[in-house]
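Report on the structure
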Amino acid sequence: MYKIIKKDGLAKRGRLETVHGTIETPVFMNVGTAAAIKGAVSTEDLQGIKTQVELSNTYHLHVRPGDEVVKKLGGLHKFMVWDKPILTDSGGFQVFSLSGLRKIKEEGVYFQSHIDGKKIFMGPEESMQIQSNLASTIAMAFDECPSSVASRQYIENSVARTTRWLERCKAEMNRLNQLPDTINKHQLLFGINQGAIYEDIRIEHAKRISELDLDGYALGGLAVGESHEDMYRILDATVPHLPENKPTYLMGVGTPANILEAVDRGVDFFDCVYPSRNGRHGHVYTNHGKLNLFNAKYELDDRPIEEGCQCPACRKYSRAYIRHLLKAKEMLGMRLCVLHNLYFYNTMMEEIREAIEEGRYKEYKKQKLDSMSGKQI
Ligand SMILES: [Zn+2]
């Protein structure tokens, strides 16, 4: 179901066939936390900005509206009216980053909802059940995402537990996929490599989870405050120990430069809130660097955000108009910036795929990085 079409150095151009359609990789998954991309972007809009995969958050949908509700309404695809692939994260990251009080036990994590303070328990089985109710295309394993500054001893224990949790996730997913009332009986499961910035722990863990023959493998616990150099060092060390013939997903990454560097190290799935979050703040990406549309110099600028960009914002509207909307706090301003930014990311992924196919990835990467680091225009 996943195959590599072309390799250029370590960069891989792959294709993952799923029940909800084909994913051409490298791919950037567009983050719609609570089953919508923030900035009033609908699934209909996604059709026009080259989105291949939508990513939703298990934890958020579990606390509101509730995964049982989504299941009763036919699953996330029907609920959102989106028939292409959806990836759901496991809820683990949010449990560890959002919730206040929490207790980690062998069986799972006890924590409080950030919405109403309600006590919740989530372990590997619960996470799989919630994701099965949501009926996403790809489910992520439930793992602990420890702080990047935790001690080596803590990381070792945490990673060992994450491995035991992964075995439980796999068994539970197999069971759920065979139940008669399961909406997506072909739900895929990706495992997650952890180990903070310790190369040896990462490598051991990568080898261990590779034996489980999962549908894909992610690197978690990166882009959580460590330096870019540390992140690239961990990728250099770890990716070669993950199965090449499976999707390789770097969770929560990142800037365009991070993505270009990670592709060069064999990663082909990405997701990040940057394009939507920055867009909502009037920060837009261009091939010549990022612009802050709140800046006074755009007051009379009647050019589009980027000349030649075919996104819904640039085809019609000027920087001056969008700047005005942002300043007047009109929702359309945010919406246009988010659409442009996602289109920019999705188009960059298209360029990356083409460059790998044509065996000129290194050259493309250099040219793109040089151009993007140019002065603001
Ligand atoms: Zn645009």
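Notes on the structure follow. Fair warning: this is a prediction, and the values are worked out from it, not measured in the lab.

How each quantity is defined
Position labels on residues start from 1 in each chain and follow its written sequence. Side-chain atom pairs in this predicted model are given and counted only at pLDDT of 80 or more, local residue features only at pLDDT of at least 70, and totals for whole chains, interfaces and linings cover all residues. Just so you know, side-chain values use all the structure's heavy atoms and leave hydrogens and water out. Each helix corresponds to a stretch of at least 4 residues labelled H or I by DSSP, and each strand to a stretch of at least 2 residues labelled E; elements are numbered beginning at the N terminus. A simple rule labels every residue: compare its accessible area, found with a 1.4 Å probe on the protein chains alone, to the largest value its type can have, and call it buried under 20%, exposed over 50%, or partly exposed in between. Should any heavy atoms of two residues lie within 4.5 Å, those residues are considered in contact. A 1.4 Å probe and the Shrake-Rupley method give the accessible areas. Residues count as covered only by the protein chains that appear here. By the counting rule applied here, Lys and Arg register as positive and Asp and Glu as negative, while His and the ends of each chain are not counted. Every charge is mapped onto a representative atom, which is NZ of Lys, CZ of Arg, CG of Asp or CD of Glu. Donor atoms are limited to N, O and S found within 2.8 Å of the metal ion, a distance that becomes 3.2 Å for Na, K and Ca. With water left out, some sites might look partial. Two strands form a pair only when DSSP identifies at least two bridges running between them. By the criterion used throughout, a crossover qualifies as right-handed when its path from the first strand across the helix to the second strand runs clockwise, the strands pointing away from the viewer.

Section: the overall build of the protein
- Assigned secondary structure in the protein consists of 14 helices and 16 strands.
- Principal-axis analysis of the C-alpha atoms places the extent of the protein at approximately 60 × 45 × 40 Å.
- For the protein, with 377 residues in total, the buried portion stands at 56%.
- Within the protein, residue pairs in contact and separated by at least 24 positions form 67% of the contacts whose partners lie at least 6 positions apart.
- Of the roughly 15,700 Å² of accessible surface on the protein, a fraction of 51% belongs to carbon and sulfur atoms.
- When the 50 basic and 49 acidic side-chain charges of the protein are each reduced to a single mean position, those positions are 3 Å apart.

What to know about the coordination of the zinc ion
- Looking at the metal site, the zinc ion is ligated by C309 (SG), C311 (SG), C314 (SG) and H340 (ND1), spaced 2.1 to 2.3 Å from it.
- If you list the donors of the zinc ion from N- to C-terminus, the spacing comes out as C-x1-C-x2-C-x25-H. Here the residue C309 occupies a position in the loop between β16 (289-292) and α12 (319-327), and H340 occupies one in helix α13 (residues 331-357), the gap between them amounting to 31 residues.

Things to note about the pairing of strand β14 (residues 269-272)
- Along β14, one buried face is formed by F269 and D271 and the opposite face, lined by F270 and C272, is buried too.
- The pairing of strand β4 (residues 27-31) with β14 spans 4 bridges and is classified as parallel. In the strand pairing of β14, F28 is matched with F270.
- Here strand β13 (residues 248-250) runs beside β14; their pairing, made up of 2 bridges, is parallel. Of the residues in β14, the one forming a bridge with L250 is F270.
- Taken together, β13, helix α10 (residues 256-263) and β14 form a β-α-β motif whose crossover is right-handed.

Here we look at unusual backbone geometry
- The residue after T25, namely P26, is reached through a cis peptide bond having omega 0°.
- In this fold, P26 is placed in the loop between β3 (21-24) and β4.
- The peptide bond linking R64 to P65 adopts the cis configuration, its omega dihedral lying at 10°.
- Topologically, P65 is positioned in the loop between α2 (58-63) and α3 (67-72).

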